Amino acid sequence: MHETMVAESILSAIVAQAAELNAKPISAKISCGQLNPINDEVLNFAFEAAARGTVCEQMKLEVVHIPLKATCKRCGENFDFDIYSPACANCESEDFEIGPDAPLLLEEIEFK
Ligand SMILES: [Zn+2]
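Residues numbered from 1 in each chain as written. Predicted model: local features only at pLDDT ≥ 70, side-chain atom pairs only at ≥ 80, totals over all residues.

## Thoughts on the sheet that holds strand β5 (residues 96-98)
Thought 1: Overall, antiparallel pairing links the three strands, which are arranged β4-β3-β5 in an open sheet. Only two strands of the sheet have a single partner each, and these edge strands are β4 (78-81) and β5. Adjacent strand axes in the sheet meet at a mean angle of 35 degrees when their direction is disregarded.
Thought 2: Relative to β4, strand β3 (residues 68-72) runs antiparallel, the two sharing four bridges. Bridge pairing in β4 places Leu68 opposite Phe81. (Pairing = 2+ DSSP bridges. Helix = DSSP H or I, 4+ residues; strand = E, 2+ residues; numbered from the N terminus. Axes fitted to C-alpha atoms, helices over the stretch in contact; angles between N-to-C directions.)

## A few points about the environment of Leu106
Thought 1: Looking at the element boundaries, Leu106 is found in strand β6 (residues 105-111).
Thought 2: Through-space distance from the C-alpha of Leu106 to that of Ile14 is 8.9 Å; in sequence the pair is 92 residues apart.
Thought 3: In contact with Leu106, other than residues within four places in its own chain, are Ile10, Ala13, Ala28 and Ile30. (Contact = placed C-beta atoms within 7 Å.)

## Things to note about helix α2 (residues 40-51)
Thought 1: Helix length check: α2 (twelve residues) gives 16 Å between terminal C-alpha atoms against 16 Å at 1.5 Å per residue, within 8%.
Thought 2: Taken as a whole, α2 has its buried residues at Leu43, Ala46, Phe47 and Ala51. Seen from one end, α2 has its buried residues packed into an arc of 125 degrees, which puts them on one side. What points out from α2, more than 90 degrees from its buried face, is the exposed set Glu41 and Ala49. (Expected span 1.5 Å × (residues − 1). Buried ≥ 20, exposed ≤ 12 C-beta atoms within 10 Å, placed from the backbone. Arc of directions from axis to C-beta.)

## Quick notes on the packing of helix α1 (residues 2-21) against α2
Thought 1: Packing of α1 against α2 brings their axes to within 8 Å, and their N-to-C directions diverge by 50 degrees. The angle between α1 and α2 places the two elements in the oblique class. For α1 against α2, the interelement crossing comes out right-handed. Across from Glu3, Thr4, Val6, Ala7, Glu8, Ile10 and Leu11 in α1, the residues of α2 making contact are Val42, Leu43, Ala46, Phe47, Ala50 and Ala51.
Thought 2: Classifying every residue of the contact of α1 with α2 by side-chain character gives ten nonpolar, one polar and two charged. (Parallel < 35°, antiparallel > 145°, perpendicular 65-115°, else oblique. Left-handed = near helix turned anticlockwise from the far one by under 90°. Nonpolar A, V, L, I, M, F, W, Y, C, P; charged D, E, K, R; others polar.)

Structure, rendered in structure tokens:
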């Protein structure tokens with residue numbers, strides 16, 4: 001399962017930072033793109049299971065979904081691509097180019 005692998009890599013990154021700072025992590029924020037979406041609930045569940053018995057036990061994970069960016073070929077507008085209304089936010093042209101998807105990132109960790 002995709003989320004399990006994600007949870008494990010996030011966990012090991014947090015554990016490493018916690019050891020370096022000698023602090024207990026209480027929450028973390030991660031962000032991901034739209035083409036490779038993470039199911040928040042499944043990820044939280046996988047993380048909880050992976051974190052059991054580690055310094056990360058009881059931590060809270062927050063997942064932020066970053067919208068895809070698109071650039072209009074007619075007017076040059078840069079807008080958030082919406083799969084339900086795929087058109088330029090400025091001129092409504094459907095001739096646009098979709099930018100790269102946001103990678104999965106560990107944005108910040110909050111320590112006690
Ligand atoms: Zn446009």
